[in-house]
Amino acid sequence: MSRFAVTDLDGPILVVAPHPDDETLGCGGLIALATKAGIEVHTLFVTDGSASHPASQTHPPDVMAEIRAAEAEEALKRLGAEHQPRSFLKLRDGRMPPPGKHAYRDALDVVSELVSGSRFKTVVVPWRRDPHTDHRISWRIAMDAVRGNGMQVTLLEYQIWLAENGQAEDWPGDGEVSDASLDISMVMERKHHALKAHRSQLGLVVDDDPSGFALSAETIARLVGQTENYWVSRWPGP
């Protein structure tokens, strides 16, 4: 596995987070280091995160969406990216439209306009075959926007649920991508602090939905360490 530094990346950088907290878990160290190096990082939050506690009576989806957005803002602040640009696409968590639907084309239009206006050189996205459907569709929207604008970018893909829930066919094929790691030891504590901003995903907000989502200690330990691992390629490929 090769190592890289954020200064090896061309900016501006687009970070695509399917849900609020993916930006911290998947690439919080990269966001912090790039911001520190003076590289512009635009974070796109795709869904509203409203489906994490579906049985809650005290926190219905609209309330959860507001909470998740506020947590995302606080996490970016803790990463040192308070003044970096961000966008909220506000698609419904767990109900993202698949390619071919009108709602998908509407979302793609918004992301295409963002990509066209900013001309990103590096795009950071969830792994294309992550087991979570929202992650896969988020990847597709971003890549369709890049392709539609006739751009070629450096693509960094982070893995959230692959190690825990992926099937053999979800992993990269031979020659599909290259392994690369980023040393984030300098900002690891900042990443820990940012994750703590996502209180609802740590089981600290909603207390009337025992079946609601909460990050496990094992998941946190796997994703919040001294390095962040990515799969790197050029998109579109040759």
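Look up: the structure comes first, before these words.
In short, a report on the structure.

## Observations regarding the sheet that holds strand β1 (residues 2-4)
Backbone-to-backbone hydrogen bonds pair the strands of a sheet. The strands run either parallel or antiparallel. Read from one edge to the other, the open sheet built from eight strands follows the order β1-β7-β8-β6-β5-β2-β3-β4, with strand pairing classed as mixed. Every other strand in the sheet has two partners, leaving β1 and β4 (86-91) as the edge strands with one partner each. For this sheet, the mean inter-axis angle between neighbouring strands, taken without regard to orientation, is 30°. Sheet topology places strand β2 (residues 13-17) next to strand β3 (residues 41-47); five bridges connect them, and they run parallel. Considered in β3, the bridge of Ile-13 is made with Val-41. Packing against the sheet, helix α1 (residues 22-36) makes contact with β2, β3, β5 (122-126), β6 (153-158), β7 (178-183) and β8 (227-235), and its axis sits at approximately 85° to β8. Along the sheet, helix α4 (residues 133-148) contacts β2, β3, β4, β5, β6 and β8; its crossing angle with β5, the most-contacted strand, is approximately 160°.

## Quick word on the pairing of β4
By the bridge criterion, four bridges tie β3 to β4 in an arrangement that is parallel. Bridged to Leu-44 within β4 is Ser-87. Note that the unit made of β3, helix α2 (residues 61-78) and β4 has a crossover that is right-handed.

## Quick look at the packing of aromatic side chains
Tallied over the entire structure, the rule returns six aromatic pairs. Taken together, a centroid distance of 4.9 Å and an interplanar angle of 15° make the contact between Phe-45 and Phe-88 stacked. Taken as a pair, Phe-45 in strand β3 and Phe-88 in strand β4 lie far apart in primary sequence, 43 residues in all. On the basis of relative accessibility, which here comes to 0%, the residue Phe-45 falls in the buried class. On the basis of relative accessible area, Phe-88 is assigned to the partly exposed category, the value being 27%. Centroid distance Trp-139 to Trp-235: 5.3 Å. Interplanar angle 70°. Geometry classified as edge-to-face. One end of the pair, Trp-139, is in helix α4; the other, Trp-235, is in strand β8, with 96 residues separating them in the sequence.

## A few points about the side chain of Asp-48
You can see Asp-48 is positioned in the loop between β3 and α2. A relative accessible area of 11% means that Asp-48 is categorised as buried. Of note is the side chain of Asp-48, whose polar atom sits 2.8 Å from the side chain of Ser-50. If near-sequence neighbours (up to four positions away) are discounted, Asp-48 is found in contact with Pro-20, Ala-65, Arg-68, Lys-90, Leu-91, Arg-92 and Asp-93.

Here is what the cut-offs are and how they apply
- Residues numbered from 1 in each chain as written.
- Predicted model: local features only at pLDDT ≥ 70, side-chain atom pairs only at ≥ 80, totals over all residues.
- Heavy atoms only, no water.
- Pairing = 2+ DSSP bridges.
- Helix = DSSP H or I, 4+ residues; strand = E, 2+ residues; numbered from the N terminus.
- Axes fitted to C-alpha atoms, helices over the stretch in contact; angles between N-to-C directions.
- Contact = heavy atoms within 4.5 Å.
- Right-handed = clockwise from strand over helix to strand, strands pointing away.
- Phe/Tyr/Trp six-rings, centres within 6.5 Å; stacked < 30°, edge-to-face > 60°.
- Buried < 20%, exposed > 50% of the residue type's maximum accessible area, 1.4 Å probe, protein only.
- Polar contact = N/O pair within 3.5 Å; in protein donor to acceptor, adjacent residues only side chain to side chain.

Everything listed here is a matter of coordinates, which is why it stays silent on function.
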